[in-house]
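So you can see what is in the structure, the chains are spelled out below.
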Amino acid sequence: MNTLRQAKIGQTVRVVKLHGEGAVKRRIMDMGITKGVEVYVRKVAPLGDPVEVTVRGYELSLRKADAEMIEVE
């Protein structure tokens, strides 16, 4: 299983599944990250937290813990 946290800078990946439960999963979905959407990894901070991505034409920063809940291919 590959997660968004493991994706490299400059890589475009597709969301396969969202892990997590309740409010955490809902918050990720409210940010526009849903099954089948393409995510472009723009930057990763030196210590890996946060990860800056482009989703649906806008830029978004995700915490490392949230990025681990997003399964990608």
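Conventions adopted
Residues numbered from 1 in each chain as written. Predicted model: local features only at pLDDT ≥ 70, side-chain atom pairs only at ≥ 80, totals over all residues. Heavy atoms only, no water. Helix = DSSP H or I, 4+ residues; strand = E, 2+ residues; numbered from the N terminus. Buried < 20%, exposed > 50% of the residue type's maximum accessible area, 1.4 Å probe, protein only. Lys, Arg positive; Asp, Glu negative; His and termini not counted. Salt bridge = Lys/Arg side-chain N within 4 Å of Asp/Glu carboxyl O. Contact = heavy atoms within 4.5 Å. Pairing = 2+ DSSP bridges.

A separate point is the side chain of Glu-71. Note on placement: Glu-71 falls in strand 6 (residues 70-72). The buried charged residue Glu-71 lacks any salt bridge, with Lys-17 as its nearest oppositely charged partner at 5.6 Å. In contact with Glu-71, not counting residues within four places along its chain, are Met-1, Asn-2, Thr-3, Arg-14, Val-15, Val-16, Lys-17 and His-19.

Turning next to the pattern of salt bridges. For the structure shown, the criterion picks out 7 salt bridges. Note that Arg-42 and Glu-59 form a salt bridge whose closest N and O atoms lie 3.4 Å from each other. Highlighted residues: Arg-42 in strand 3 (residues 38-44) and Glu-59 in strand 5 (residues 58-62), separated in sequence by 17 residues. For Arg-42, a relative accessible area of 31% corresponds to the partly exposed category. With a relative accessible area of 52%, Glu-59 lands in the exposed category. Between Arg-63 and Asp-66 there is a salt bridge, and its shortest N-O distance comes to 3.7 Å. Judged by its relative accessible area of 47%, Arg-63 falls in the partly exposed class. If you follow the salt bridges from partner to partner, you end up with Arg-27, Arg-63 and Asp-66 in one network.

Spatially, the 6 strands line up as an open sheet ordered 1-6-2-3-4-5, and their pairing is antiparallel. Looking at the sheet topology across the chains shown, the edges are occupied by strand 1 (2-3) and strand 5. Here strand 2 (residues 12-18) pairs with strand 3 via 3 bridges, running antiparallel. Among the inter-strand pairings, Val-13 is bridged to a residue of strand 3, identified as Val-39.

Attention now goes to the pairing of strand 2. Taken together, the 3 bridges between strand 2 and strand 6 define a ladder with antiparallel strand orientation. Residue pairing across strands places Val-15 opposite Val-72, the latter belonging to strand 6.

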